[in-house]
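Reading the structure
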Amino acid sequence: MKKQDIRADIERRIAMGEGKSSIFQALKGQGVSDGTLAHLLASHADPKLALQHARLIKGMVVIAWVQLVLGVLIGLSLALKMGSLAGLLIAAFIGGFAYLFVWGFQHSRAWAYNASIVLSIINLPKALSDVSTEPASSVFALTLGVAWIAYTWFVRSKLFPDFAVLGPRKVSGTYRFSS
């Protein structure tokens, strides 16, 4: 069975209400590794959980839209400094990249949450680098960054309870699922 077929089968089985543990046992050894199968299961948001936490998801989407708008405005300000074509290309790239997160959050995609967490952690040292010259704004930026990471992690843990850090939960050498 191909990865796309397994993904479709997982989606169909979850929509019918079958638990992830039983899906894992049924699809084990069907052409993909256990780790890949566990990741496919863990990264699939249960529709019931998505409905239950719709307000949290809307919060993620709103914040992502704000980030998108701010990113495009920064790109446009670069357009004024660098020249129109280069700046407009940068603004379009920033907008397109940021929209991937908006779309990912709206459609409950685990990659969007994981990428947001990783990219935010990578950006934290930038806030620390300016503490000596601009302590107030640096501490504010650091606080916002940590708050965004915490909120993203919180929402991800509600939608994808089978993720550990960035992969499926594994206890004593076996994959564990919440359902």
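Parameters and conventions
Residues numbered from 1 in each chain as written. Predicted model: local features only at pLDDT ≥ 70, side-chain atom pairs only at ≥ 80, totals over all residues. Heavy atoms only, no water. Helix = DSSP H or I, 4+ residues; strand = E, 2+ residues; numbered from the N terminus. Buried < 20%, exposed > 50% of the residue type's maximum accessible area, 1.4 Å probe, protein only. Contact = heavy atoms within 4.5 Å. Areas by Shrake-Rupley, 256 points an atom, 1.4 Å probe, with all protein chains shown as cover. Lys, Arg positive; Asp, Glu negative; His and termini not counted. Charge placed at Lys NZ, Arg CZ, Asp CG, Glu CD. 1 Å grid on protein atoms, 1.4 Å probe; cavity = no way out; pocket = protein on both sides within 12 Å on 5 of 7 lines; lining within 4 Å. Points joined across faces, edges and corners; volume = space filled by probe spheres on them. Nonpolar A, V, L, I, M, F, W, Y, C, P; charged D, E, K, R; others polar. Phe/Tyr/Trp six-rings, centres within 6.5 Å; stacked < 30°, edge-to-face > 60°. Lys NZ or Arg CZ within 6 Å of the ring centre and 35° of its normal. Axes fitted to C-alpha atoms, helices over the stretch in contact; angles between N-to-C directions. Parallel < 35°, antiparallel > 145°, perpendicular 65-115°, else oblique. Left-handed = near helix turned anticlockwise from the far one by under 90°. pLDDT = per-residue confidence, 0-100. Expected span 1.5 Å × (residues − 1). Salt bridge = Lys/Arg side-chain N within 4 Å of Asp/Glu carboxyl O.

**Regarding the overall build of the protein**
When its secondary structure is counted, the protein shows eight helices and two strands. The N-to-C order of helical and strand elements in the protein reads α-α-α-α-α-α-α-α-β-β. When the backbone C-alpha atoms are referred to their principal axes, the protein occupies close to 60 × 35 × 30 Å. Across the 179 residues of the protein, 34% fall into the buried class. Look at the contacts in the protein between residues 6 or more apart in sequence, and 60% of them connect residues 24 or more apart. With an accessible surface of roughly 10,500 Å², the protein has 67% of that area assigned to carbon and sulfur atoms. The distance from the centre of the 18 positive side-chain charges to the centre of the 9 negative ones in the protein is 2 Å.

**Some thoughts on the layout of surface pockets**
Its volume calculated, the largest pocket comes out at about 1,100 Å³. Every residue lining the largest pocket is counted, 28 residues in all, and those nearest its centre are Gln67, Leu119, Ser120, Asn123 and Trp148. Broken down by element, the lining of the largest pocket gets its largest block of residues, nine residues, from helix H7 (residues 110-129). Here the lining of the largest pocket is composed, by residue class, of 21 nonpolar, six polar and one charged. Of the volumes computed, that of the second largest pocket is approximately 460 Å³.

**A closer look at the packing of aromatic side chains**
Scanning all chains against the criterion turns up 11 aromatic pairs. Both rings, one in Trp103 and one in Trp111, keep their centres 6.5 Å apart while their planes meet at 20°; by these two values the pair is stacked. Residue class for Trp111 comes out partly exposed when judged on its relative accessible area of 40%. With centroids separated by 4.9 Å and ring planes inclined at 55°, the aromatic side chains of Phe105 and Tyr113 adopt a geometry described as tilted. For the pair shown, Phe105 and Tyr113 are each scored as buried. Pairwise contacts between aromatic rings join Phe93, Phe97, Phe101, Phe105, Tyr113, Trp148, Phe160 and Phe163 into one cluster. Positioned above the aromatic ring of Trp153 is the side chain of Arg156, whose terminal nitrogen or guanidinium carbon lies 4.7 Å from the ring centre.

**Comments concerning the packing of H7 against helix H8 (residues 135-159)**
Each pair of packed helices can be described by the angle between their axes along with the distance between the axes. Following both chains from N to C, one finds H7 and H8 inclined at 165°, their axes separated by 9 Å at the closest point. As judged from the angle between their axes, H7 and H8 are roughly antiparallel. You can see that H7 and H8 cross each other, and the crossing is left-handed. Only Ser138, Ala141, Leu142, Gly145, Val146, Trp148, Ile149, Thr152, Trp153, Val155, Arg156 and Leu159 of H8 make contact with H7, whose side of the interface consists of Tyr113, Asn114, Ser116, Ile117, Ser120, Ile121, Leu124, Ala127 and Leu128.

**A closer look at the confidence of the model for the protein**
Mean pLDDT over the protein: 86, with 99% of residues reaching 70 or higher. Averaged pLDDT values over the elements of the protein bottom out at 78 in strand E1 (residues 170-171) and peak at 89 in H8.

**Focus on H8**
The α-helix winds at 3.6 residues per turn, so residues separated by three or four positions along the chain end up facing the same way. Over its 25 residues, H8 extends 36 Å from the first C-alpha to the last, a length consistent with the 36 Å expected when each residue adds 1.5 Å. Buried within H8 are the following residues: Ser138, Gly145, Trp148, Ile149, Thr152, Val155, Arg156 and Leu159. Buried positions along H8 lie against helix H4 (47-52), helix H5 (54-82), helix H6 (84-106) and H7.

**Quick notes on the pattern of salt bridges**
Scanning the entire structure with this criterion turns up four salt bridges. Between Glu18 and Arg13 there is a salt bridge, with the nearest N and O atoms lying 3.1 Å from each other. Assessed through its relative accessible area of 17%, Arg13 is described here as buried. Put simply, Asp9, Arg12, Arg13 and Glu18 are held in one network by salt bridges that share partners.

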